[in-house]
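# Descriptive structure summary
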Amino acid sequence: MPLASTPVAIAGKVKHDQKKAIPGVARRSPRLVGLVALLALVLSACSGSGPQTALNPEGPIGRTIDDLWELVFILATVVFVIVQAALIYAIVRFRARKGDDSEPVQVHGNTRLEILWTIIPVVILAAIGFPTVRGIFDVRAIAEGADVLQVQVTGHQWWWEFEYVDLADETGRTLVTANELYIPEDTEVNLTMTSADVIHSFWVPVLAGKRDAVPNRVSNLTLIADNPTPPDAPHPGQCAEYCGLAHADMRIKVHVRTQADFDAWVADQLTPATIPTEGAAAAGYEAFNTCVACHNVTVMGENGPEDIGVVRTIEVDGVTFTSSLAPNLTHFGGRDTFGSGTFENNAEHLAQWLADPSELKPMRPELNDIPNGRILGMPNFNLSSDDIANLIALLEGWE
Ligand code: CUA
């Protein structure tokens, strides 16, 4: 993206000029120095290469948005440069000079100019307007057809629940996971979204625009990704609608896989967790009794798959959404992150989390309203260090 380098160059130049200019200017105008310093600071903010950017799209919908942005940016820059050049020329060329008190020539009306400065903006606005309207329709189109991967999304304070409604095991249990969304490359994915509590907004900048997930409403968003992501670099996303204390930690990871790798992932996810029978993990399974008040997990029982914990659903506009109180943990050990894509999934972080969740992620578990399904975070259960170690062994074993 050539645009990314421009602000760096500008920032560098400003700093350079500032160095030369400071002694003279500082005496005359400390305000100017302050302004230049502020400008340099603001422009330097553009120089980073943050991964959560809409300027390096990784799919056709992201590209539609980026192309539109580029068109508007280029046109706006041309207009800005021409207007500023004309303004500066007029200020310098026609400024009042010493000893010249004569009144400038007074002009009233100029039909040719007025027609010109009406037509030019009309042409510019049309050049922006037509692609914008077409882009809005392209971006808002709901993906349809047998080849579309259907994923239902429920926003929660403060995590995301994903249900792959067409992917189920032989008992009819659908694939449910949290925060880390897996999709196949080059495939239309239709997200059907709602919220269990307040308004959230699903936003993965490299793939698509934002779309609100609203309680008691259904909204849709199409994702298409060009290429598989490296295992350690999924596309990052973020809840983009302020939704309370842990809004900033309501993140999303989108892993893009080849169709074969995606199918393997699906088969793995549809396999129930095993109930450990010995060691720390078995002791952890005893302690897990506390967790299933909110979390749920599918385990392989004596008579086949069994759901442990409470699986809840909500019905919105005739669509049944899985709406658990807390993330499904069947394949927790296989996730890269936890706490809604915020913390790397390792024993050290898990130990901190289990000892005091709100210490890691700001939450209000004292306000949990479980009968009504409103959960504002995981409480501190004052687990013993043995329980914590055993639970970690259990959860990391559930890959
Ligand atoms: Cu959910 Cu912000």
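Parameters at a glance
- Residues numbered from 1 in each chain as written.
- Predicted model: local features only at pLDDT ≥ 70, side-chain atom pairs only at ≥ 80, totals over all residues.
- Heavy atoms only, no water.
- Helix = DSSP H or I, 4+ residues; strand = E, 2+ residues; numbered from the N terminus.
- Rg over C-alpha atoms; globule rule 2.2 N^0.38 Å.
- Contact = heavy atoms within 4.5 Å.
- Areas by Shrake-Rupley, 256 points an atom, 1.4 Å probe, with all protein chains shown as cover.
- Axes fitted to C-alpha atoms, helices over the stretch in contact; angles between N-to-C directions.
- Parallel < 35°, antiparallel > 145°, perpendicular 65-115°, else oblique.
- Left-handed = near helix turned anticlockwise from the far one by under 90°.
- Nonpolar A, V, L, I, M, F, W, Y, C, P; charged D, E, K, R; others polar.
- Phe/Tyr/Trp six-rings, centres within 6.5 Å; stacked < 30°, edge-to-face > 60°.
- Buried < 20%, exposed > 50% of the residue type's maximum accessible area, 1.4 Å probe, protein only.
- Domains from an automatic or database assignment.
- Pairing = 2+ DSSP bridges.
- pLDDT = per-residue confidence, 0-100.
- Core = buried A, V, L, I, M, F, W, Y, C linked by side-chain atoms within 4.5 Å.

The secondary structure content of the protein amounts to nine helices and 16 strands. Against the compact-globule benchmark of 21 Å for 399 residues, the protein has a radius of gyration of 28 Å, which places it well outside the compact range. Counting only C-alpha atoms, the protein reaches 100 × 55 × 40 Å along its principal axes. Partitioning the intrachain contacts of the protein with sequence separation of at least 6 by distance along the chain shows that 66% fall at a separation of at least 24. Just so you have it, the protein exposes about 22,200 Å², and 59% of that area is on carbon and sulfur atoms.

Helix-helix packing is described using two parameters, namely the angle between the two axes and the distance between the axes. Viewed as axis vectors pointing N to C, helix α3 (residues 60-93) and helix α4 (residues 111-140) meet at an angle of 165 degrees, and their least axial separation amounts to 10 Å. By the criterion of interaxial angle, the relationship of α3 to α4 is roughly antiparallel. Once α3 is placed against α4, the crossing between them reads as left-handed. Together, I61, T64, I65, L68, L71, V72, L75 and V79 of α3 and I124, A127, I128, P131, T132, G135, D138 and V139 of α4 make up the contact between the two elements. The residue inventory of the contact of α3 with α4, partitioned by class, reads 12 nonpolar, three polar and one charged.

Next up on the list: the packing of aromatic side chains. Counting across every chain of the model gives 14 aromatic pairs. Ring centres of F162 and F202 lie 6.4 Å apart, and the angle between their planes is 80 degrees; on these two criteria the pair is classed as edge-to-face. Here F162, found in strand β2 (residues 159-168), pairs with F202, found in strand β6 (residues 200-203); they are 40 residues apart in sequence, far enough to count as distant. Classification of F162 as buried rests on a relative accessible area of 0%. A ring pair is formed by Y285 and W398, whose centres lie 6.2 Å apart and whose planes are at 80 degrees; its orientation type is edge-to-face.

As a further point, take the domain arrangement of the protein. It is common to give the size of an interface as the accessible area lost on bringing the parts into contact. Considered domain by domain, the protein is made up of domain 1 (3-44), domain 2 (60-97 + 104-140) and domain 3 (171-184 + 226-399). Just the C-alpha atoms count here: the centres of domain 2 and domain 3 sit 50 Å apart.

A few words on the pairing of strand β12 (residues 304-309). Where strand β11 (residues 296-301) meets β12, six bridges bridge the pair, whose relative direction is antiparallel. Looking at β12, one finds that T298 is bridged to D307.

Of all residues in the protein, 92% attain a pLDDT of 70 or more, and the chain-wide mean is 90. In this model, residues 1-22 is a region of pLDDT below 50 whose contacts with residues beyond four sequence positions or in other chains number 19 contacts.

This part takes up the sheet that holds strand β4 (residues 180-184). Read across the open sheet, the five strands follow the order β4-β10-β9-β6-β7; overall the sheet is mixed. Each edge of the sheet is formed by a strand with only one pairing partner; in this case those strands are β4 and β7 (211-213). Taken pair by pair, the neighbouring strands of this sheet meet at an average axis angle of 30 degrees, ignoring direction. When strand β9 (residues 235-239) meets strand β10 (residues 251-257), the two strands line up antiparallel, connected through four bridges. Paired with P236 across the strands is K253, a residue of β10. Lying over the sheet, helix α5 (residues 259-269) contacts β4 and β10, oriented at roughly 135 degrees with respect to β4.

Core analysis: the biggest nonpolar cluster contains 62 residues, and Y164, L181, L191, F202 and F288 have the highest contact counts within it. Top contributing element to this core by residue count: helix α9 (residues 385-397), with five residues.

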